[in-house]
Every structure is written in structure tokens, then in C-alpha cells.
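Architecture and fold: a report
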Amino acid sequence: ETGVTQSPTHLIKTRGQQVTLRCSSQSGHNTVSWYQQALGQGPQFIFQYYREEENGRGNFPPRFSGLQFPNYSSELNVNALELDDSALYLCASSLAPGTSHEQYFGPGTRLTVT
Amino acid sequence: LAKTTQPISMDSYEGQEVNITCSHNNIATNDYITWYQQFPSQGPRFIIQGYKTKVTNEVASLFIPADRKSSTLSLPRVSLSDTAVYYCLVGDMMNRDDKIIFGKGTRLHILP
């Protein structure tokens, strides 16, 4: 069974640029959640996708957007990058939405905005 | 969503039992308590989940008193590799729209 994978591992972008991060969910999981984790902080919920539809969003501006594909893999897109967007971006998959289902996290993508 | 409060950090020594307590005073009837562990530069990992009384698995035990306003994660005989951040979460098991919300967690440092 393949776990959650994310790409790339590290990324350096310049302020104002756009970035796309990718996540492959664990086999059999139809729900993907994205989190932003700043240094020394807990992960902050960005949004969740369930069967290719957005299923809830945290307190993030519209320049954070996402997609989920028919194979349940997902992308996180961030436009007009700001310095404060520098963080570890985590993807987690689960069997279904809701907190009753264990979330399996990927290793994350470390984004640095200069 | 019920808010949780945990100690910011704790130190302990190898071989000791470590107890991390989490407060969730406004926990709702359908809320379950879940703990995650996170090592540096890795995603969080599920440890244990419970509703009331005591739950034990191969990694930890979770003690929940009758009023459910707090819970204690117990790690038996810790080793250096248990140094990590531990997050206590509360979520409505019956609501599929409920989301996992992380606080700042407890930074546990195990000393030799």
C-alpha cells in the first residue's frame, strides 16, 4: 500500500510568482486536506476536497486554490506569492470526510518565498 | 469546534512514563478526542483516539475522565525517538463536515 506522497520536496519562489504543489493520496482514500504549517506553529487548515469537490475551507484568501482529480490526487495552487506564504505545506488523505476518519499525512513541501 | 489547551513544552527522561494533559472544557456530546504526533519536517501521525474512559494501543494510552473536559495522553517508557510535538484535537464524529483543527501542540523533549 502506497502512502501519501507530495512533490516537490522543496521549492524556492519569488514574491508575486505562482506555485503548484501536488499530492497523491493513499490508495482507497477519496478525501484530501491541505494544511499550511509555519515554523513553530501547528498545521493550519486550508481546504479539503472530497470526490473532486471542495468540501470546506479555512481562513485563507482566494489566491489559495485547489483541485482534486478523478484518481483523488490533488493540487494546491497559490497565486501572487507573499513572503508570509513561506511554510511547510502538508497534504493529508482519509477514507472519507469528517474527523472520525484517521488522516494520513504526506512528508510535506517546504516552500520558501524570497 | 471545542478549543483545546495543552502545555507548550515538556521535558522528560528516557525510560520514564510521560503524561500530557489536554483541556477541552466545552467539548460537545458527539466530540471525540484524537492525538497526533509530529516529528520535525514530517507530517503529523495519528496516535490514538477515544471518547470516554480509557483507550490503549501499542503506542500509548488515553485517559478520559467522566466529565470529558480533559484528557491525558500517556506514553510508557519513552525513548529519545519520542521527542516530537504532540497535538490534542477534538472533533464531531457524527458531522462529516467537521474538520481536523490543530492547535500549537506540546513540544516533548526526551533527555538521555
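Quick caveat, the model's predicted, so the values are computed rather than measured.

1. Focus on the interface of chain A and chain B
When the parts of a complex come together, some accessible area is lost, and that lost area is often taken as the interface size. Contact residues are listed per partner, giving 23 residues for chain A and 23 residues for chain B. Roughly 1800 Å² of surface becomes buried between chain A and chain B when both sides are summed, with 53% attributable to carbon and sulfur atoms. The interface formed by chain A and chain B holds zero salt bridges in total. Where chain A meets chain B, there are four residue pairs in polar contact (both at pLDDT 80 or more). Secondary structure elements with two or more residues in the side of chain A that touches chain B: β4 (31-37), β5 (44-50) and β6 (53-57) of chain A.

2. Thoughts on the environment of A:R63
All names here are of chain A. As for its placement among the helices and strands, R63 is situated in the loop between β6 and β7 (64-68). The exposure class assigned to R63 is buried, which follows from its relative accessible area of 16%. R63 sits 15 residues away from V78 along the chain, and the two C-alpha atoms are 5.6 Å apart. Every residue in contact with R63, bar those within four places of it in the chain, is listed here: N77, V78, N79, A80, L81, E82 and D85. Here E82 takes part through its side chain, which lies 3.3 Å from a polar atom of the side chain of R63. A distance of 2.8 Å separates a polar atom in the side chain of R63 from a polar atom in the side chain of D85.

Conventions used here
- Every chain begins its residue count from 1, and numbering advances along the sequence as written.
- Chains carry letters and ligands carry numbers; both start at the beginning, A for chains and 1 for ligands, and go up in the order they are written.
- Since the coordinates come from a predicted model, pLDDT governs what is reported: local features require at least 70, and pairs of side-chain atoms require 80 or more to be given and counted, while whole-chain, interface and lining totals use all residues.
- Heavy atoms from the whole structure form the basis of all side-chain values; hydrogens and water molecules are not counted.
- The criterion used for residue contact is that any of the two residues' heavy atoms lie within 4.5 Å.
- Two parts placed together each lose some accessible area; with a 1.4 Å probe, that loss summed over both constitutes the buried area.
- For salt bridges, the criterion is a side-chain nitrogen of Lys or Arg within 4 Å of an Asp or Glu carboxyl oxygen.
- Polar contacts, as used here, are pairs of N or O atoms within 3.5 Å; protein pairs need one atom able to donate a hydrogen and one able to accept it. Residues neighboring in sequence count only if both atoms are side-chain atoms.
- For helices the rule is a DSSP run of H or I covering at least 4 residues; for strands it is a run of E covering at least 2, with both sets numbered from the N terminus onward.
- Think of it in three bands: residues with accessible area under 20% of the maximum for their type are buried, residues over 50% are exposed, and the middle band is partly exposed, with areas taken using a 1.4 Å probe on protein chains only.

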